[in-house]
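Below are the chains, spelled out letter by letter.
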Amino acid sequence: MAATIELPLAAAARERKIWLNRVSREFPNGSGKTRALQNIELEVRAGEFVCIVGPSGCGKSTLLHLIAGLDQPSEGEIWLEGRRIEGPGSDRILIFQELGLFPWLTVRQNVEFGMRMKKLSRRERQERARHYLRVVHLSHFEDSYLHQLSGGMKQRVALARALAIQPDVLLMDEPFAALDAQTRDLLHDELERIWSTTEQTILFVTHNVREAVRLGDRVLLLSYGPGRIMNEFSIPLTRPRHIEDVEVALTAKNILAQLREEIDKSVRAAYHDE
Amino acid sequence: MNKIIKQLIFYCVLLGLWQTLVMLKLWPPYVFPTPAGVFESLRLGFADHTFSIGVGVTMKRMLLGYSLSMISGVGLGLLLAYNTFFEETLGRLVVSVQSMPSVCWLPLAILWFGLSEKAILFVVVMGSMLSISINTEAGLRNVPRIYGMAGRNLGASGTRLFLFVLLPASLPNLVSGFKQGWAFAWRSLLAGELIFVTLGLGQLLMLGRDLNDINGVVAVMVVIVAIGFLVDSFIFRAIEGRLRRKWGLSTSV
């Protein structure tokens, strides 16, 4: 609930949900290896909304893929409530930047997909799909195909598809990057509203610092290649917030200054390569 | 509607041109068919059941051969798509062999099976199976990675990931493979029938030649083209249209 933000101590007292213990990830690269993530040490408490910012190529997406179990760390381990993560699980769902919705299914069939894989009964699937489509305001589009929807609507289908599995942890990879400002605003509000009722733990990757400050209880700044946690900011602003709030802008400014240094590094590295 | 009128006009003009050429008497009648003669041959052919039996026999061979091609082609495609060893070895061979015209299998087929149904089925299968398997392989390989990841993320794995994600994701490619496979099978079958197998449309063509009946020959060709047209518009176009509407691909086909 929103109370966790007003009383940071209460949040601190909550159980540890996710723990990354000295996690590194290397990818083979021609002759050698590229280190995408180095020595990530991270704890996320249950019900916390954590945003991760960093320059492109800093391994933000890799981090979420690791937690989702779609990828394995080269070193270190990832724990979810005392169990080591070794593969995908319905307790945590990743919303991809590209969404990965299935164009051969209708909106409702997309939302039902995860539940079908969990072998829930037809009736329960339909009820839940209907419920979550209502939550994201897409009730009238349940029989539509994806190409009939706008970008923001597709985004909400992906959200409903993830929520319908009722995961404890939502992992979101730059989900709103491709949307116009108005739609994004709206989805921020919706996401905040859903989060405050479901008490899910959310890890949200973005390159937009304001968005991170608008949504997060905590913002992590990742450095450029290899990705390390450079800095961590707790955001004690009251909710609901808005992206145009002065406090949001001021808090973001400070983080942005540090991010810019990292972006400069990444740009210089890119030029150097050429 | 507009399209149908255009097509109607086109075919009327085509018939008119043909009739004009006939009336100019540029060639002797045993070399140049007439619309009326072809129509009469068609009518007679169906009236005495020669054509119906020919179509029936040919289509039966086609369905049997094509089904075998689909099953074995998809199976081989799966093997090539998911097994690197076979892809690197057998894959190359499949592509090379596929480039060979399927009639080239005929001598081998006759030596193995004699002048029999088995021989013609063998030629049909060899003519279309490989193109189906190549398309199946390409279809499965070209499934965007994101679908597989999304499927795993949502709890699908193994057979279920294949059945519910990878297979439907590659369906548009599979269907074009099946369409191409059908065309190859059809060509192989008629080529085979021309040469030795009794009762089919291919043999009716050869019979027309033996009797020096140009109108009869063209009438059988009309039947062959008509079958191709019907299969394309009522089976493949229908399926492709459905897929395109679902996926939101361009519908201007």
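A brief structural summary. (Residues numbered from 1 in each chain as written. Chains lettered and ligands numbered in written order. Predicted model: local features only at pLDDT ≥ 70, side-chain atom pairs only at ≥ 80, totals over all residues.)

### Here's the deal with the pairing of strand S7 (residues 169-173) of chain A
Residue and element names in this part refer to chain A.
(1) Moving on: With 5 of its 5 residues buried, S7 lies for the most part within the structure.
(2) Moving on: Both faces of S7 are covered, namely the face carrying Val169, Leu171 and Asp173 and the face carrying Leu170 and Met172.
(3) Moving on: In the sheet, strand S6 (residues 92-95) pairs with S7 via 4 bridges, with the strands oriented parallel. Paired with Ile93 across the bridge in S7 is Leu170.
(4) Moving on: By the bridge criterion, 5 bridges tie S7 to strand S8 (residues 201-205) in an arrangement that is parallel. Paired with Met172 across the strands is Phe204, a residue of S8.
(5) Moving on: Crossover S7 to S8 through helix H7 (residues 181-198) is right-handed. (Buried ≥ 20, exposed ≤ 12 C-beta atoms within 10 Å, placed from the backbone. Helix = DSSP H or I, 4+ residues; strand = E, 2+ residues; numbered from the N terminus. Pairing = 2+ DSSP bridges. Right-handed = clockwise from strand over helix to strand, strands pointing away.)

### Looking at the sheet that holds strand S1 (residues 16-29) of chain A
Residues and elements named next belong to chain A.
(1) Moving on: Spatially, the 4 strands line up as an open sheet ordered S2-S1-S4-S5, and their pairing is antiparallel. In this open sheet, the two edge strands, each paired with only one partner strand, are strand S2 (32-45) and strand S5 (83-84).
(2) Moving on: One ladder, built from 2 bridges, connects strand S4 (residues 75-80) with S5; its direction is antiparallel. Across the sheet, residue Leu80 finds its bridge partner in S5, namely Arg83.

### Re the environment of Arg209 of chain B
(1) Moving on: Secondary-structure assignment places Arg209 of chain B in helix H9 (residues 201-210).
(2) Moving on: Residue classification places Arg209 of chain B among the exposed positions, given that 12 C-beta atoms sit within 10 Å.

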